[in-house]
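# Observations on chain architecture
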There are 2 protein chains.
Amino acid sequence: MSHVRYAIGVDLGGTTIKTGIVSSAGKIFAQSKFPTLGEQGPKAVIAQIRRSIDEVLVHAKGKKIGGIGIGSPGIVDEKGGVVKDPPNFADWHSVALGNAVKKIFKLNTRVENDANVAAIAEAKFGAGKRHPNFLFVIWGTGVGGGIILDGSIYRGPFGGAGEIGHVCVDYQGLQCNCGARGCVEAYIGQRYLSQRTVERLKSEPASLILNLVGGDVSKVEPKYISEAALKGDVLAREIFTEAGTLLGVALGSVLNTIDFRVVIIGGGISAAGGFVFDAVKKSVQSHVMKPMRDDITVLPAKLGNSAGILGAAGLVL
Amino acid sequence: MSHVRYAIGVDLGGTTIKTGIVSSAGKIFAQSKFPTLGEQGPKAVIAQIRRSIDEVLVHAKGKKIGGIGIGSPGIVDEKGGVVKDPPNFADWHSVALGNAVKKIFKLNTRVENDANVAAIAEAKFGAGKRHPNFLFVIWGTGVGGGIILDGSIYRGPFGGAGEIGHVCVDYQGLQCNCGARGCVEAYIGQRYLSQRTVERLKSEPASLILNLVGGDVSKVEPKYISEAALKGDVLAREIFTEAGTLLGVALGSVLNTIDFRVVIIGGGISAAGGFVFDAVKKSVQSHVMKPMRDDITVLPAKLGNSAGILGAAGLVL
């Protein structure tokens, strides 16, 4: 489909829909932003998607749009673009979102899971451009992932591949939301990271983190830990270094399984600074098989908030 | 290559070379067995492979042989059939084994890592015949694996995929031979399993295991633990149940990553009995993502000692 020069990318989020016209070179020409209205059910959401696309189409100015790509939370069945059980969407068990949007705009429409979409964005336009094989990690509220194999997304036989947040790092470890024990997400996901920080602030009241939240530990969250870390706060750096080390353990298990050498990390928490990437890399190196150790690359994602639109458009570009 | 009806399969082991003529239906027609002579260097080993093939060719009786497949320890580079650093082979850093054998017999020759070969055997002729996607585990001295994706072996970009023995189950855990900490192999590989059994026999001297080794704990090895377990010995069953549970933790991490649902387990220790498979399955189910839990299949491998010859022949059948 490389003859398609422009496509619409829809980043369907839990609270906001961001839509843009994207060129095959990865340039975003027009952009719109609408509330998702997920609490009002599938019809309302589809109507909002329609509006968001209509708005950018006004700016299409003779550009031939080759298709529509949508990145969505939940489990996505490629066939018909069926989206299953997206968290925080009301009355939404299983909806053929792709078919619905295709019917409205009469354009080739593809839907993909949001973590996979972000991975595709980095592969086509970002940090993964020169890497045909990489593991993409999105480290924020939770820990998600996508596997780019030979330049394409690896979905697995059931479309759910890349759940690296639920790789176990300690079989006797912390209870995870998913029901299992010791998932890496249960150690380094946003909520857990904040909890552990609050715990440790008790014995380290001089930490800058406490300053940044005005002494109110209920306000502790990764953005403050991150800010403190960037300013050199010892506790903040310790917390992120430990988190990066744990992420590296999980990544090591994955790399040993699929024999990849490149990891690209995006998501809010990854913005904490280079030392986090160093910690991840060192930990990965100490857990992968010997022949891989000198050949490990850990890179920050490049596309930030645009990854959703770019990767979604990338589905049809 | 499905027009090839007969092929030669060579199972190159650390001590023995087993070779056979195999039909495309998975029947072994003639078989030979020679010492590997790995301690004498590559030339000696290649000469032994030649002898083992010559011997089965005598029985070929007009069967048109379509090629030669070789399963080898070490890291295998498909191109040229280069075998790197096979353990316990003297003077063998990197040898183009495939090209050498091809030159002798003027037949299409392919070489593959032995764990992958066993996975291919199960896919073509064994427990994996009806499963286009499965994770193959070989549980013996160490813990190895192979990934069958869409009916073919997944080698990964560097040919080393499937090292599931080095999936971490405890980041603060036992030191593994590979240099990393907490690899599942460090808990359930043969040597570790025996060690832990010896430890526990101290407080459970009534165990049948002690009987089976004539009271000499230095003789404790999985085959005796397995024998005791099959006879209902409580300690033996506990040890294998714990080991199966740990294997399940590692497998859960892998299945979450690649979204597979089927695991096939071969190798010596897997012969301990059905209860081991039950323990593995239960543990996998408690570690995979919810939508996968009711859909997990854990099967014993079917081909036993013939897997090496069958899978090797399968490389060219």
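Scroll up to find the structure.
Note that the structure is a prediction, hence the values are computed from the model and not measured.

Residues and elements named next belong to chain A. As summarised here, the arrangement of the five strands in space is β11-β10-β9-β12-β13, forming an open sheet in which the pairing is mixed. On the outer flanks of this sheet lie β11 (152–154) and β13 (297–300), each paired with one strand and no other. Strand after strand, the sheet turns through a mean of 30° between neighbouring axes, direction not considered. Both strand β9 (residues 134–139) and strand β10 (residues 143–149) contribute to a ladder of six bridges, which runs antiparallel. Bridge pairing in β10 places Val-137 opposite Gly-145. Sheet strands in contact with helix α3 (residues 114–125) are β9, β10, β11 and β12 (262–266), and its direction is about 125° off that of β9.

Residue and element names in this part refer to chain A. With 14 residues, helix α9 (residues 274–287) ought to run about 20 Å at 1.5 Å a step, and its terminal C-alpha atoms sit 20 Å apart, in line with that. Taken together, the buried positions of α9 are Phe-275, Val-276, Phe-277, Ala-279, Val-280, Ser-283, Val-284 and His-287. Where the residues of α9 are buried, they touch β9, α7 (222–230), α8 (234–258), β12 and β13.

Side chains on a regular strand alternate between the two faces of the sheet. Residues and elements named next belong to chain A. Pairing between β12 and β13: four bridges, direction parallel. Across the sheet, Val-263 pairs through a bridge with Val-298, a residue of β13. Crossover β12 to β13 through α9 is right-handed.

Time to look at the pattern of salt bridges. Residue and element names in this part refer to chain A. Inspection of the entire model under this criterion finds 18 salt bridges over all chains. A salt bridge links Arg-200 to Glu-242, with the shortest nitrogen-to-oxygen separation between them at 2.9 Å. Of this pair, Arg-200 sits in helix α5 (residues 190–201) while Glu-242 is found in helix α8, placing the two residues 42 residues apart along the sequence. Taken together, the shared-partner salt bridges in this structure form one network comprising Glu-78, Arg-110, Glu-112 and Arg-155.

With that settled, consider the side chain of Ser-194 of chain B. Residue and element names in this part refer to chain B. With respect to the helices and strands, Ser-194 occurs in helix α5 (residues 190–201). Taking relative accessible area as the criterion, Ser-194 reaches 9% and is therefore assigned buried. Setting aside residues no more than four positions away along its own chain, Ser-194 makes contact with Val-220, Glu-221 and Pro-222.

What follows covers the relation of the copies chain B and chain A. Both copies of the chain are placed relative to one another by a rotation about an axis and a shift along it. For the pair chain B and chain A, the relating rotation is 180°, the translation along its axis is 0.0 Å, and the fit reaches an RMSD of 0.1 Å. Such a combination of turn and shift is consistent with a two-fold rotation axis. If distances are taken from each C-alpha of chain B to the rotation axis, the shortest is found for Asp-170 of chain B, at 2.0 Å. Both copies present the same face, since 100% of the interface residues in chain B are matched by interface residues at the equivalent positions in chain A.

Right, let's get into unusual backbone geometry. All names here are of chain A. In the Ramachandran plot, Lys-106 falls in the positive-phi region, its phi being about 50° despite a non-glycine side chain. With respect to the helices and strands, the residue Lys-106 is situated in the loop between α2 (97–105) and β8 (109–113). Of the residues examined, Lys-106 reaches a relative accessible area of 68% and is grouped as exposed.

Before going further, it helps to examine the interface of chain B and chain A. Between chain B and chain A, the contact holds 42 residues from the first and 42 residues from the second. For the pair chain B and chain A, the summed buried area comes to about 3,200 Å², and 62% of that belongs to carbon and sulfur atoms. The three residues of chain B that bury the most area against chain A are Tyr-171, Thr-257 and Asp-259 of chain B, which together make up 19% of that side's buried surface. The tally of links between chain B and chain A comes to zero salt bridges. Scanning the region where chain B abuts chain A turns up 22 residue pairs in polar contact (both at pLDDT 80 or more). Top contributing element to the side of chain B that touches chain A by residue count: helix α8 (residues 234–258) of chain B, with seven residues. Here the side of chain B that touches chain A is built from residues that sort into 22 nonpolar, twelve polar and eight charged.

With that settled, consider the packing of aromatic side chains. All chains considered together, the criterion is met by six aromatic pairs over all chains. Taking 6.2 Å as the distance between ring centres and 80° as the angle between the ring planes, the aromatic pair formed by Tyr-171 of chain A and Tyr-187 of chain B counts as edge-to-face. Residue Tyr-171 of chain A is located in the loop between β11 and α4 (185–188), and its partner Tyr-187 of chain B is located in helix α4 (residues 185–188); the two belong to separate chains. Looking at Tyr-171 of chain A, the relative accessible area reads 24%, which means it is partly exposed. Looking at Tyr-187 of chain B, the relative accessible area reads 5%, which means it is buried.

Next up on the list: α2 of chain A. Because the α-helix completes a turn every 3.6 residues, residues three or four places apart line up on one side. Residues and elements named next belong to chain A. Those residues of α2 that sit buried are Leu-97, Gly-98, Val-101 and Phe-105. Taken end-on, α2 shows its buried residues confined to a sector of 95°, consistent with a single buried face. Buried positions along α2 lie against β1 (6–12), α1 (42–57), β4 (65–72), β6 (82–84), β7 (94–96) and β8. Trailing α2 by a residue or two, Lys-106 shows a phi angle of about 50°, which is positive.

What counts, and at which threshold
Residues numbered from 1 in each chain as written. Chains lettered and ligands numbered in written order. Predicted model: local features only at pLDDT ≥ 70, side-chain atom pairs only at ≥ 80, totals over all residues. Heavy atoms only, no water. Pairing = 2+ DSSP bridges. Helix = DSSP H or I, 4+ residues; strand = E, 2+ residues; numbered from the N terminus. Axes fitted to C-alpha atoms, helices over the stretch in contact; angles between N-to-C directions. Contact = heavy atoms within 4.5 Å. Expected span 1.5 Å × (residues − 1). Buried < 20%, exposed > 50% of the residue type's maximum accessible area, 1.4 Å probe, protein only. Right-handed = clockwise from strand over helix to strand, strands pointing away. Salt bridge = Lys/Arg side-chain N within 4 Å of Asp/Glu carboxyl O. Least-squares fit on C-alpha atoms with pLDDT ≥ 70 in both. Buried area = accessible area lost by both parts, 1.4 Å probe. Polar contact = N/O pair within 3.5 Å; in protein donor to acceptor, adjacent residues only side chain to side chain. Nonpolar A, V, L, I, M, F, W, Y, C, P; charged D, E, K, R; others polar. Phe/Tyr/Trp six-rings, centres within 6.5 Å; stacked < 30°, edge-to-face > 60°. Arc of directions from axis to C-beta.

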